[in-house]
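Residue strings, one per chain:
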Amino acid sequence: MACFIVPLTQAIATTAYRKSVEKKQSLTNSDSCLSPFTSHLSSLEKMLWGGSLMLVVDHIINGEVTWMYPFFTALETEGGWQTMLSEMLTVGVPMSVIVTAVWAVYCYAVEKKAVKA
C-alpha cells in the first residue's frame, strides 16, 4: 500500500541531483567532469518516475490509496503506520535497489558499447 513512496522519494532526489549537476555543468561549460553514471541520470529518473506513477495508479485502482484523509487505507486501523513502514522496507527498498542496479548495468553496457565503437 505504500511501497511506491521509496522509489518516488528516490525519483525526487535523483531529479534534484540531476538539476544541480546540469547547473554546475552550465557554469563550468565542460563535459569532461561527468562520470558514465552521471551522464545517464535522466534514464534512472525516467525509470523511477514511470515505475512510481504505475504503482500509484495500481494502488488507487485496488483501493489501497484514496482521495480522502488519511489517504492510505492502512492508516484507518490501529497500528497501520507500522504495516506501511514494514511494506516500505520490505517491498519499496528492494524495488528501488533493483531498479538502480538495472540502471547501473545499463550504464555499463552503453559505455562498453561506446568504447568498442
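Residues numbered from 1 in each chain as written. Predicted model: local features only at pLDDT ≥ 70, side-chain atom pairs only at ≥ 80, totals over all residues. Heavy atoms only, no water.

(A) Highlighting unusual backbone geometry. Here the residue pair Y69 and P70 is connected by a cis peptide bond, since its omega of 15° sits within 30 degrees of zero. In this fold, P70 is placed in the loop between α3 (41–61) and α4 (80–116). (Helix = DSSP H or I, 4+ residues; strand = E, 2+ residues; numbered from the N terminus.)

(B) Quick look at helix α1 (residues 5–28). When the terminal C-alpha atoms of α1 are compared, their 35 Å separation across 24 residues agrees well with the 34 Å that a helix rising 1.5 Å per residue should span. Where α1 is concerned, the buried positions are P7, A11, T14, T15, R18 and V21. (Expected span 1.5 Å × (residues − 1). Buried < 20%, exposed > 50% of the residue type's maximum accessible area, 1.4 Å probe, protein only.)

(C) Expanded view of the packing of α1 against α3. Between α1 and α3, whose axes approach to 9 Å, the crossing angle comes to 150°. Taken together, α1 and α3 sit at an angle that is classed as roughly antiparallel. Like other packed secondary-structure pairs, α1 and α3 cross with a definite hand, here left-handed. Here P7, L8, Q10, A11, I12, T14, T15, Y17 and R18 of α1 come into contact with α3, specifically with L41, S42, L44, E45, L48, W49, S52 and L55. Grouping the constituent residues of the contact of α1 with α3 by class yields ten nonpolar, five polar and two charged. (Axes fitted to C-alpha atoms, helices over the stretch in contact; angles between N-to-C directions. Parallel < 35°, antiparallel > 145°, perpendicular 65-115°, else oblique. Left-handed = near helix turned anticlockwise from the far one by under 90°. Contact = heavy atoms within 4.5 Å. Nonpolar A, V, L, I, M, F, W, Y, C, P; charged D, E, K, R; others polar.)

(D) Expanded view of the side chain of S52. Along the chain, S52 turns up in helix α3. Beyond its immediate stretch of four places on either side in the chain, S52 contacts F4, P7 and L8.

By themselves these figures say nothing about function.
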